[in-house]
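Listed below are the residues making up each chain.
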Amino acid sequence: MIAVSDLTVRYGKRLAVDRLSLSVAPGEIVGLLGPNGAGKSTTMMAIAGVCAIDGGKISVDGVDITTQPERALRRLGVADQPPTLYEFLTVSEHLAFVAEARGKPDPARADGLLARLGLGDAAKRLCRELSFGMRQRVSLAAALVGDVAALLIDESLNGLDPHAARAGREVIEAAAAEGAAVIMSTHLLGIAERVCSRLIIMEAGRIKREVVADELAELRKQGAGALEELYLGLVGASAT
Amino acid sequence: MTARRIAARARLEATRARGPLGWLLAGWPLALGAVAAALGYRSGGVAWPLAIGLGGATLVVLGGPWALFWRADAAALARLPIGGRVHLRVGLMHAARRAALFIVGTAIAAAPALVASDGPDFDPALRALALCSAALVCAALAGPSSALLGGALLAQPQASRTKLDILEPGGPPPTQLLPLIPSIAASILLAATLAAIPWVTRGKVPLWVPYTWAPFVALTMLAAVLTVAARAAAPGWYRRAWLAIIALDRARPIWIERTSAGPLEAAWGRLLMMTTTHAGTLTLYRKDITNLRRRYPAAYAASGAGMIALIAVGIWVRGEAHVQSVLLLAGGLAVYQVVMAWRALRPPVEHLRLLHMLPLPRSAAMRAKASYLFLRLAMCVGLAGVPALLRGPEPALVGVGLGALIVGGLLAGITLISRARP
Ligand SMILES: Nc1ncnc2c1ncn2[C@@H]1O[C@H](COP(=O)(O)OP(=O)(O)O)[C@@H](O)[C@H]1O
Ligand SMILES: [Mg+2]
């Protein structure tokens, strides 16, 4: 469960997120869409507690991130953009570190995730040797280790090959099926349409439009390109 | 694009990137000069200025590969259509800046002796400064130039092939050939400068006698030959050398992957856990050590060499110089450990943003890093300082000094650690 109300974030004078409210129920995957600079990453970093906020309330799994960050973070997995990895740890060492930090060292789960994401052979390699897409996947796996109830996934499916993209989608869906509340930002409308239970289209720090489950189902029925048309009709070219 | 533009951009980036403490770290030769001036104040001798000048010249030559190939922006520059000569010039400018810092540091160290001197016809401090400046100017030329020649050597297909055999697991670092020519150059430079020391210290040697010029001529010739050779080699060899070096660097993980905490560090980690209930502390502590050891293997070797030097100085250096040299060396080691603690707060060893996304309290990270710093200080300064305590003429003074260095280093480190922000 992720609950955000009236979130405001400023970078100096620039308003990056403007009184944004949203809530994500367990098992739900909310797709965050919007042009570059809309405030998607800032919103997620604020939820993760690594971005000072200028107003609003955020709770993860019922715990306030600003007042009790440590408790909230125990159930929160984050895949940031670009991925922050310890370059001089091997992939499995990195996952072990993150899982231990979340208080749930579980090598079997980490190995399972790596295998599902097609990273089995990379487990023993240093993070700094990985390609872009592999780093994205390691970051995704790191978000999923430990016992997480909420997930923030920032463009992690970008740059993946078709097999890896499907695997990534599947592990996210599996996490949601196990009860995680997921927020996922992406520019891949096809994936958003297929994976998400609901979409939020942001522009200039605000929610421009919410596409609820029924609407999304309708769009899916209309076939390929329907969401793209909706999006392009709604949002101007990328803001700054 | 000109070397001047590139250097200006690098300076701009460096100024933006470094905080207030960055200046202190970048200007350490000056701080060293000030410490030496304070220590040498009473005696007014030229030993400290000479030591700083010669040490600096050696560092500048050995730093050639860093000035040329391993500089932070070398990878970005290599992607641009920039000629080898420009690269060489950028490296030379980089080395020249470091050399200039050391010249000023030497001047600061020589200041008390300069003030105390009694006339221009013989002034050891002035001569020491002149000698060191000459050595440092030559070093600034010889460092990058010899590094380029070393790189060209590495890029020889023959060399690469033999290197590949050494790449087997557990083998030595493959780019070790790179510092080879700079080390030879540094040795010649050091020998030539040492040969000129009587000219500095013995008043009876007249200034304008041909043989006193010999070391200077040797120095200048060395620097000139290297620079001319490097200039000739640069267009053809810079890129090839750089490519060979990154290829070999990339192969490094084969051996660095195996490195992690040693038995002493592991034991200290277990001890650390008795002081805290948060399991994350040990997780962080182990992660830090693994990353530091893999990223900065040379730092561990350097600390080890420093410890051996401190032990040797503690046992064999007698007389008035004992306390001074022990404390200066121990001080250098302590500062180095604080620098390592600073490195432990920055990528790739630490990503503060990632830490903040994990449920680890600040105190766990602080405790892990501070306790590792304490272990390093206790080993490098405390343990290696014991012979000086036992064998020296003034155990009380040395004891207080070493204790102050450990406590001061720890406090400086804790200040750094507690101020770190993502
Ligand atoms: N560290 C920062 N400093 C200043 N402005 C920033 C910073 N990070 C993001 N911004 C600005 O905040 C706005 C939102 O950025 P971001 O959340 O990264 O957008 P998105 O992820 O939707 O592309 C943009 O206008 C961006 O320029
Ligand atoms: Mg973004």
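What you see is a predicted model; the values in this text were computed from it and never measured.

Okay, the overall build of chain B next. The number of helices and strands found in chain B is 20 helices and 0 strands. Across chain B, the fraction of contacts at a sequence separation of at least 24, relative to all contacts at a separation of at least 6, is 83%.

Summing up its helical and strand segments, chain A has 9 helices and 10 strands in all. Computed over C-alpha atoms, the radius of gyration of chain A comes to 17 Å, within 12% of the 18 Å expected from 2.2 N^0.38 for 240 residues, which places it in the range of a compact globule. Principal axes of the C-alpha set define a box for chain A whose edges measure 45 × 45 × 30 Å. Relative to all contacts within chain A whose residues are 6 or more apart in sequence, the contacts with residues 24 or more apart total 70%. Summed over all atoms, the accessible surface of chain A reaches about 9,900 Å², with 51% contributed by carbon and sulfur. Mean positive and mean negative side-chain charge positions of chain A (27 and 30 charges, respectively) differ by 2 Å.

Attention shifts here to the packing of aromatic side chains. Residue and element names in this part refer to chain B. Under the criterion given, the structure shown has 6 aromatic pairs over all chains. Between Y285 and Y372, the aromatic rings sit 5.9 Å apart at their centres with planes inclined by 90 degrees, giving edge-to-face as the arrangement. Of this pair, Y285 sits in helix α15 (residues 280–295) while Y372 sits in helix α19 (residues 362–391), placing them 87 residues apart in sequence. Taken as a pair, Y285 and Y372 share a single burial class, namely buried. Over the face of the ring belonging to W237 we find R240, whose NZ or CZ atom lies 4.1 Å from the ring centre. A cation sits over an aromatic face here: R343 above Y296, 4.1 Å from the ring centre.

Turning our eyes to something else, we now look at the environment of A164(A). Mapped onto the elements of the fold, A164(A) is located in helix α6 (residues 162–177). C-alpha separation for the pair A164(A) and G56(A), spaced 108 residues apart in sequence, amounts to 37 Å.

Residue and element names in this part refer to chain B. The end-to-end C-alpha distance of helix α3 (residues 28–39), which contains 12 residues, comes to 16 Å, matching closely the 16 Å that a straight helix rising 1.5 Å per residue would cover. The set of residues buried in α3 consists of P29, G33, A36 and A37. All buried residues of α3 lie within an arc of 100 degrees about the axis, which places them on one face of the element.

Moving on, we come to unusual backbone geometry. Cis geometry is found at the peptide bond from Q81(A) to P82(A), where omega equals -5 degrees. Mapped onto the fold, P82(A) is located in the loop between β6 (76–79) and α3 (91–101). The amide bond that connects P347(B) to the next residue, P348(B), takes the cis arrangement and shows omega of 0 degrees. By secondary structure assignment, the location of P348(B) is in the loop between α17 (321–343) and α18 (352–356). Look at D6(A): it is not a glycine, yet its phi comes out positive at around 55 degrees. Relative to the helices and strands, D6(A) is located in strand β1 (residues 2–11). The backbone phi angle of A204(A) is positive, close to 50 degrees, even though this residue is not glycine. Residue placement: A204(A) occurs in the loop between β9 (198–203) and β10 (206–211).

Another point: the interface of chain A and chain B. Contacts between the two partners involve 29 residues from chain A and, on the opposite side, 27 residues from chain B. For the pairing of chain A and chain B, the buried interface totals around 2,400 Å² over both sides, and the portion due to carbon and sulfur atoms is 65%. A per-residue breakdown of the area chain A buries against chain B is headed by Y86(A), F88(A) and F97(A), which together make up 28% of the total. Along the contact surface separating chain A from chain B lie 2 salt bridges. Here E93(A) and R294(B) are joined by a salt bridge, their closest N and O atoms 2.8 Å apart.

Right, let's get into the sheet that holds strand β5 (residues 63–64) of chain A. The strands that make up a sheet are held in pairs by hydrogen bonds between backbone atoms, and each pair lies either parallel or antiparallel. All names here are of chain A. In spatial order, the strands read β2-β1-β4-β5; together these 4 strands make up an open sheet with antiparallel pairing. Every interior strand has two partners, whereas the edge strands, β2 (14–24) and β5, have only one. Pairing of β1 with β2 involves 7 bridges; the strand directions are antiparallel. The residue of β2 that forms the bridge with V4 is L22.

Residues and elements named next belong to chain A. Relative to the elements of secondary structure, N158 occurs in the loop between β7 (150–154) and α6. The exposure class of N158 is buried, given its relative accessible area of 17%. Setting aside its immediate chain neighbours within four residues, N158 contacts F132, Q136, T186, H187 and L188.

Residue and element names in this part refer to chain A. Looking at helix α9 (residues 226–234), one finds that the buried residues are A226, L227 and Y231. Taken around the axis of α9, the buried residues stretch over an arc of 130 degrees, which confines them to a single face. Exposed side chains of α9 directed beyond 90 degrees from the buried face belong to E229, L232 and G233.

Across all of its chains, the model carries 21 salt bridges over all chains by this definition. For the salt bridge of R198(A) with E28(A), the shortest nitrogen-to-oxygen distance reads 2.6 Å. Here E28(A) lies in the loop between β2 and β3 (29–33) and R198(A) lies in strand β9, a separation of 170 residues in the sequence. Between E350(B) and K369(B) there is a salt bridge, with its nearest N and O atoms 3.0 Å apart. Of the two residues, E350(B) is situated in the loop between α17 and α18 and K369(B) in helix α19; the sequence distance between them amounts to 19 residues. When its relative accessible area of 0% is taken as the criterion, E350(B) is described as buried.

Further remarks concern the confidence of the model for chain A. The predicted model of chain A has a mean per-residue pLDDT of 92, with 98% of residues at 70 or higher. Within chain A, helix α2 (residues 69–73) of chain A has the poorest average pLDDT of any element, 88, and strand β8 (residues 181–185) of chain A the best, 97.

Parameters at a glance
Residues numbered from 1 in each chain as written. Chains lettered and ligands numbered in written order. Predicted model: local features only at pLDDT ≥ 70, side-chain atom pairs only at ≥ 80, totals over all residues. Heavy atoms only, no water. Helix = DSSP H or I, 4+ residues; strand = E, 2+ residues; numbered from the N terminus. Contact = heavy atoms within 4.5 Å. Rg over C-alpha atoms; globule rule 2.2 N^0.38 Å. Areas by Shrake-Rupley, 256 points an atom, 1.4 Å probe, with all protein chains shown as cover. Lys, Arg positive; Asp, Glu negative; His and termini not counted. Charge placed at Lys NZ, Arg CZ, Asp CG, Glu CD. Phe/Tyr/Trp six-rings, centres within 6.5 Å; stacked < 30°, edge-to-face > 60°. Buried < 20%, exposed > 50% of the residue type's maximum accessible area, 1.4 Å probe, protein only. Lys NZ or Arg CZ within 6 Å of the ring centre and 35° of its normal. Expected span 1.5 Å × (residues − 1). Arc of directions from axis to C-beta. Buried area = accessible area lost by both parts, 1.4 Å probe. Salt bridge = Lys/Arg side-chain N within 4 Å of Asp/Glu carboxyl O. Pairing = 2+ DSSP bridges. pLDDT = per-residue confidence, 0-100.

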